[in-house]
Amino acid sequence: MRRERRDALTIAFVLLGPAAAWLVALGASYAVADASCTLRQSGRGVGLNVPVTILALNAVLAVVPVAAGWVAFRLRQRSPRGRRAGGGTRARAELARFAGVSGIGLAVIFLLGVVLLAVNPLVFWNCQ
Amino acid sequence: MSLTQGVPDTAAGQPDFDGVWRNPRGIWRSLSVVSHKPVGSRFMITAGLFFLVGGIEALLMRVQLARPENRFLDAQTYNDLFTMHGTTMMFLFVVPFIEGLATYLLPVQLGARDQPFPRFNAFNYWCYLFGGVLLYSSFAAAAVPDAGWFAYVPLSSNPYSPGPGMDFWLWGLALVELSGIGAAVEILVLTLRMRAPGMSLARMPVFAWAMLTASGLIVLAFTPLLVATSMLEFDRLLGATFFVAEHGGSPLLWQHLFWIFGHPEVYIMFLPAAGIVSQVVQVHARQRLIGYPFVVLAFVLTAVISLGLWVHHMFTTGLPPLTMSFFTAASMTIAIASGIQVLAWVATIWLGRPRFTVAMMFVVGFIVTFVAGGITGVMVASVPFDQQVHDTFFVVAHFHYVLIGGVVFPLFAALYHWLPKMIGRRLHQRPGVVVFALVFVGFHLTFFPMHLAGMWGMVRRVYTYDPDLGIGGLNLVATVGAFLLAAGVLVFVIDLVVAWRRGAPAGRDPWAGDGLEWGVPSPPPSENFSRIPVVGSRYPLWQPERDRPDRDERARGFDRAPADFRASPTTSILLAEPEAAVHLPTPTFWPLVPALGLAGTAAALIAQAYPVAVAGLVVVAVGVVGWLRRNEAERWPERSGVRVGGLPLDVHGTRAIGWWGAMATIAVLATAGGTILASYHFLQVNATVWPPAPAQRPAAALPAGLLAALVLAAAGALWLGTRAQIRRRTALAVLAVLAAAGLAAGALTVGTYAAAPPAPSRHAYDSMVLLVLVFQAALVIVALVATGLAFLRAAAGGPPGRLRLLVQVAAGYWALTAAWWALASGSLYVVLVG
């Protein structure tokens, strides 16, 4: 039961962690950019360096897909050994392989998404 | 003989497995049916009827547009029709049909005997039906909604839509949304907790993965729309100013909230369609789906990215370029997910031995059309291009390519694939080919010319056009195509009726299929499986492997058992290890009562008959109490300590499906609360003055007291819920303290209102304060009801697991209420931007 719970948390992190990080990155980048532009236009600027803030925010959030990708890679590495065993180990190995492959893919794509958000204001920052 | 022990026999004498699962017959008594197959069928049939009505509305519009300056319809009727057509297809057809299909099919695919909460399932259907009927009763009241399916403000606000038309739209939709969210909760709990033993996540049918991701999206996307429609009704009914710019509100807030729902809505429809195609293609290509993990990855990717695309519907609203660039990037990224899926389907056909059945034809038609619609989607994700074609027929063509090509074609494939299982008879091949030809050719004739018409200047939502535009010929072709498409649908309906009555028997497995559904008779019996299947591979009928003999032992305990009540096993999330048995409820009329009450309340509010609305709320309360009483009265197997197949019935915490249902409800409420707070901050940033002077905030003592009462209630419930052993008297005393803390919280909510009553028509800040307090009061009421139920359970005695579960659920609601109020008071009482 305890092992199942630990595995559930690991797989949830691998499948949902990068996705959550990207969503937070998008929401926060949007909120910072939109709010600072709106406030600046109405003369209520908050003196925030928007490109640097967004870059820092996304750099921190990029850690999540990197970590999830590493965990997924480890899951994938461990799974072939289990496949040779029978019984419940086979189901566990199948699941680890499935989560590993899916997790690596999700980590790569969402990391790319976070990087795109981070570099965007460096080339495209204005409120007009 | 009953395999359960210590259980009294049924009133009739001997326990009877078939009798327990038998559904009532006859028109009146069948209204009490709650089993997933009849309820799923009702969803599909009702949605199918709405599809026909929406199609007729489309044909009328096409006749009007067949030539320039036509006078077949006047402008007002055209406005009515495009509003009702869009609303019908988006809210009353596609999503309910898909949820109906999943309601019918998923338990059979997953090896369960029913949905986790069958009575709630029936309630969802009644809400959907009454919502649709309420919306269409606007025709009888000569007050048809006419502000478009998106209901942009200020067009949908009182000054520009003064009659009750938009109220019909808002209340009808509220009921339908409630139903959609409820059905999604059912599917989430079913796919996570009620799969057959051995069906690990890695072995789950791909359609189940699609429905799991789509259901998560429904919870996250439908809820903001429910909040938005409530806010618009506040504006219309109470004179609130959420969307009134002169009073600190913002019309853009509506667009944000609507599209936060509206864009994921496209994928809520597309993901199940992709799941259907993945299932159909592997059976009809006689080849396992190539790249199963990558297709699942693509589902997760699609679901998540779709939540971050809404702004691309707002590229012409004057947003800063940086903001738009974020969403352009996200919009183009989703093409990666679609590309992965298309590659997987093409590879599966390529490597398989495809049979060109009608279902397969629709799959191939889908791939071609969806790719075309996807390409125009990437085009409109680009800001400069979108700004040129926004509100033209190019966009109409694009989204019909995605929605008909990407969703309706797969639904036809699903019907040709699974109808033999549902009705026990096969549809005919030749008429099927005719249906495909008419639908495919008719569709492309209708919608391809719209790309050109849009590029050449034909705008949307205008009832006629100038002959000098030179688009009369294109429109005539589109109208001819629409009638061909309609003829295809007509031939399908006729073939369906004929096959239902006189079709050749389908047999158990007409396609040599891969999944559990093909291992049961057609149509499946009421209990689906008299013996619970045990799964050892991703394709149980193609690779009937066994990897754990002990699972077979557990499942054997369910062989035609229990014979005294309905039950099915629950399994763990990852590996589907049997964990407990769930007691499933029997038919009852109770779910119909609150749905009727809600519909009556909505109708009375539209008619401004407020006493009747109050009576409607009383009916809701009576219905809920009756329903809960019936549920608790039927818990005798739990009280008797019965085990089925060695698995306990009386469980709590994460082993109980009730816990998962409550957590899903908490997720819905948290999403609603988050939407309200995000709206508050959006208005705060955009308003020139916030809050208006003088600030209408009550003294800090009331909110602080409220928070203290809520934290006390949450902590007490959490403490009680974690106690393994507790005396009945202690439980009653703690629950009484909890109820008192909750009542104090309710009183303080009212006190916060009374200390400085907000005037919603004065400023959007006041409107937000009112909304926050109303939502807070609703949370307190829900938590109090949960606490009251636990108190009654403790007072009546009974299964200890059930009592702990009820206390845990109450603890969850109190914790949510406390957390939300902490965040809300942080927003209301801490001024972030002066």
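Criteria and thresholds
Residues numbered from 1 in each chain as written. Chains lettered and ligands numbered in written order. Predicted model: local features only at pLDDT ≥ 70, side-chain atom pairs only at ≥ 80, totals over all residues. Heavy atoms only, no water. Helix = DSSP H or I, 4+ residues; strand = E, 2+ residues; numbered from the N terminus. Rg over C-alpha atoms; globule rule 2.2 N^0.38 Å. Buried < 20%, exposed > 50% of the residue type's maximum accessible area, 1.4 Å probe, protein only. Contact = heavy atoms within 4.5 Å. Areas by Shrake-Rupley, 256 points an atom, 1.4 Å probe, with all protein chains shown as cover. Lys, Arg positive; Asp, Glu negative; His and termini not counted. Charge placed at Lys NZ, Arg CZ, Asp CG, Glu CD. Salt bridge = Lys/Arg side-chain N within 4 Å of Asp/Glu carboxyl O. Core = buried A, V, L, I, M, F, W, Y, C linked by side-chain atoms within 4.5 Å. Domains from an automatic or database assignment. Pairing = 2+ DSSP bridges. Buried area = accessible area lost by both parts, 1.4 Å probe. Polar contact = N/O pair within 3.5 Å; in protein donor to acceptor, adjacent residues only side chain to side chain. Axes fitted to C-alpha atoms, helices over the stretch in contact; angles between N-to-C directions. Parallel < 35°, antiparallel > 145°, perpendicular 65-115°, else oblique. Left-handed = near helix turned anticlockwise from the far one by under 90°. Nonpolar A, V, L, I, M, F, W, Y, C, P; charged D, E, K, R; others polar. UniProt positions renumbered as here; feature names shortened; annotations may be inferred. pLDDT = per-residue confidence, 0-100. Phe/Tyr/Trp six-rings, centres within 6.5 Å; stacked < 30°, edge-to-face > 60°. Lys NZ or Arg CZ within 6 Å of the ring centre and 35° of its normal.

**Quick notes on the overall build of chain B**
(1) Moving on: Helix and strand content of chain B: 23 helices and 4 strands.
(2) Moving on: Against the globule reference of 28 Å for 834 residues, chain B gives a C-alpha radius of gyration of 27 Å, in line with a compact fold.
(3) Moving on: Across its three principal axes, chain B shows a C-alpha extent of roughly 85 × 75 × 45 Å.
(4) Moving on: The buried share of chain B, taken over its 834 residues, is 63%.
(5) Moving on: Counting contacts in chain B only where the partners sit at least 6 residues apart, residues at least 24 apart contribute 82% of the total.
(6) Moving on: As presented, chain B carries roughly 29,000 Å² of accessible surface, and 69% of it is formed by carbon and sulfur atoms.
(7) Moving on: Counting 51 positive and 40 negative side-chain charges, chain B places the averaged centre of each group 9 Å from the other.

**Some words on the overall build of chain A**
(1) Moving on: Helix and strand content of chain A: 4 helices and 0 strands.
(2) Moving on: Ordered by position in the sequence, the α and β elements of chain A form the string α-α-α-α.
(3) Moving on: In chain A, which comprises 128 residues, the proportion classed as buried is 46%.
(4) Moving on: A separation threshold of at least 6 residues defines the contact pool for chain A, and within that pool the share at least 24 residues apart is 78%.

**Points about the pattern of salt bridges**
Pairs can form between side chains of opposite charge once their charged atoms are near each other.
(1) Moving on: Going through the model one piece at a time under the given rule, you end up with 14 salt bridges over all chains.
(2) Moving on: The salt bridge partner of arginine 92 of chain A is aspartate 7 of chain A, with a shortest N-O separation of 2.8 Å. Here arginine 92 of chain A is found in helix H4 (residues 88-124), whereas its partner aspartate 7 of chain A is found in helix H1 (residues 2-41), with 85 residues between them in sequence.
(3) Moving on: Exposure remark for arginine 92 of chain A: the relative accessible area of 25% places this residue in the partly exposed category.
(4) Moving on: The exposure class of aspartate 7 of chain A is buried, given its relative accessible area of 17%.
(5) Moving on: Salt-bridge contacts for arginine 635 of chain B lead to glutamate 638 of chain B; the nearest nitrogen and oxygen are separated by 3.0 Å. Pair check on accessibility: arginine 635 of chain B and glutamate 638 of chain B agree, each one buried.
(6) Moving on: It is possible to trace a salt-bridge network through shared partners that takes in Arg90 and Glu94 of chain A together with Arg203 of chain B.

**Structural notes on the nonpolar core**
(1) Moving on: The biggest cluster of nonpolar side chains holds 300 residues, and the ones touching the most others in it are Trp209, Trp254, Trp345 and Phe362 of chain B.
(2) Moving on: When residues of this core are assigned to domains, at least three fall in each of domain 1 (36-502) and domain 2 (682-830) of chain B.
(3) Moving on: Leaving out residues up to four positions away in the same chain, tryptophan 209 of chain B has contacts with Leu15 and Phe98 of chain A together with Leu201, Met204, Tyr292, Val296 and Phe299 of chain B.
(4) Moving on: Ala555, Ala581, Val644 and Leu649 of chain B belong to the second-largest nonpolar core, a separate cluster that totals 11 residues.

**Regarding the pairing of strand S2 (residues 578-584) of chain B**
Residue and element names in this part refer to chain B.
(1) Moving on: In terms of residue burial, S2 counts as a mostly covered element, since 7 of its 7 residues are buried.
(2) Moving on: Note that strand S1 (residues 566-571) and S2 share 6 bridges and pair antiparallel. Following the sheet pairing, serine 568 is matched in S2 by valine 582.
(3) Moving on: In this structure, the hairpin formed by S1 and S2 is closed by a connection of 6 residues, where alanine 576 is found at a positive phi of approximately 55°.

**So, the interface of chain B and chain A**
(1) Moving on: Facing the 48 residues of chain B at the interface are 45 residues of chain A.
(2) Moving on: Across the chain B/chain A interface, buried area totals approximately 3,900 Å², and carbon plus sulfur atoms make up 75% of it.
(3) Moving on: Considering only the surface of chain B that becomes buried against chain A, Leu322, Phe326 and Leu574 of chain B emerge as the three largest contributors, covering 18% of it.
(4) Moving on: Taken together, the links from chain B to chain A amount to 1 salt bridge.
(5) Moving on: For glutamate 94 of chain A, the salt bridge goes to arginine 203 of chain B, with nearest N and O atoms at 2.7 Å.
(6) Moving on: Across the chain B-chain A interface, the total number found is 6 residue pairs in polar contact (both at pLDDT 80 or more).
(7) Moving on: Only helix H8 (292-306), helix H9 (321-351) and helix H19 (657-686) of chain B provide two or more residues apiece to the side of chain B that touches chain A.

**A look at the packing of helix H13 (residues 429-455) of chain B against helix H14 (residues 472-502) of chain B**
Residues and elements named next belong to chain B.
(1) Moving on: For the pair H13 and H14, the least separation of the axes is 7 Å and the interaxial angle reads 155°. In terms of orientation, H13 lies roughly antiparallel with respect to H14. Crossing of H13 over H14 shows left-handed handedness.
(2) Moving on: Each residue belonging to the contact of H13 with H14 can be placed in one class, and the counts come to 21 nonpolar, 4 polar and 1 charged.

**Notes on the packing of helix H5 (residues 165-193) of chain B against helix H6 (residues 206-238) of chain B**
The angle between the axes and the distance between the axes are what describe a pair of packed helices.
All names here are of chain B.
(1) Moving on: Interaxial distance between H5 and H6 falls to 8 Å at its minimum, and their mutual angle equals 155°. One element, H5, and the other, H6, form an angle in the roughly antiparallel class. The two elements H5 and H6 cross, and the hand of that crossing is left-handed.
(2) Moving on: The class makeup of the residues in the contact of H5 with H6 is 20 nonpolar, 6 polar and 4 charged.

**Notes on the domain arrangement of chain B**
Accessible area lost on assembly of the parts is the figure often given for the size of an interface.
All names here are of chain B.
(1) Moving on: What the domain assignment reports for chain B is domain 1 (36-502) and domain 2 (682-830).
(2) Moving on: Computed from C-alpha atoms alone, the centre-to-centre distance between domain 1 and domain 2 is 37 Å.
(3) Moving on: Taking both sides of the interface into account, the surface hidden between domain 1 and domain 2 amounts to around 1,100 Å²; carbon and sulfur atoms contribute 75%.
(4) Moving on: Our count for the domain 1 to domain 2 interface comes out at 0 salt bridges.
(5) Moving on: Looking at the side of domain 1 that touches domain 2, the elements that each hand over two or more residues are H6 and helix H7 (251-284).
(6) Moving on: Per-class residue counts for the side of domain 1 that touches domain 2 are 7 nonpolar, 7 polar and no charged.

**Structural notes on the UniProt feature "transmembrane region" (unreviewed entry) in chain A**
(1) Moving on: Within the UniProt annotation, "transmembrane region" (unreviewed entry) is assigned to residues 49-73 and 94-119 of chain A.
(2) Moving on: The span residues 94-119 of chain A shows a helical share of 100% and a strand share of 0%, and its end C-alpha atoms are spaced 38 Å apart.

**Describing the environment of leucine 677 of chain B**
Residue and element names in this part refer to chain B.
(1) Moving on: Considering the arrangement of structural elements, one finds leucine 677 in helix H19.
(2) Moving on: Distance in space between the C-alpha atoms of leucine 677 and leucine 217 is 20 Å, their sequence separation being 460 residues.
(3) Moving on: Those residues in contact with leucine 677 that sit more than four places away from it in its chain are Trp820, Leu823, Ala824 and Ser827.

**Focus on the confidence of the model for chain A**
(1) Moving on: When pLDDT is averaged along chain A, the result is 85; 89% of the residues meet or exceed 70.
(2) Moving on: The weakest mean pLDDT in chain A belongs to helix H3 (residues 63-83) of chain A at 83; the strongest belongs to helix H2 (residues 50-61) of chain A at 91.

**Here we look at the packing of aromatic side chains**
Each pair of aromatic rings is reported with the distance of its centres and the angle of its planes.
All names here are of chain B.
(1) Moving on: Across all of its chains, the model carries 57 aromatic pairs over all chains by this definition.
(2) Moving on: Every member of this aromatic cluster is reached through a ring pair, and the members are Phe91, Trp149, Phe222, Phe234, Phe242, Phe243, Trp254, Phe258, Trp259 and Phe261.
(3) Moving on: Across the ring face of tryptophan 511, the terminal group of arginine 426 is positioned such that the distance to the ring centre comes to 5.2 Å.
(4) Moving on: The ring of tyrosine 292 is capped by arginine 538, whose NZ or CZ atom sits 3.6 Å from the centre of that ring.

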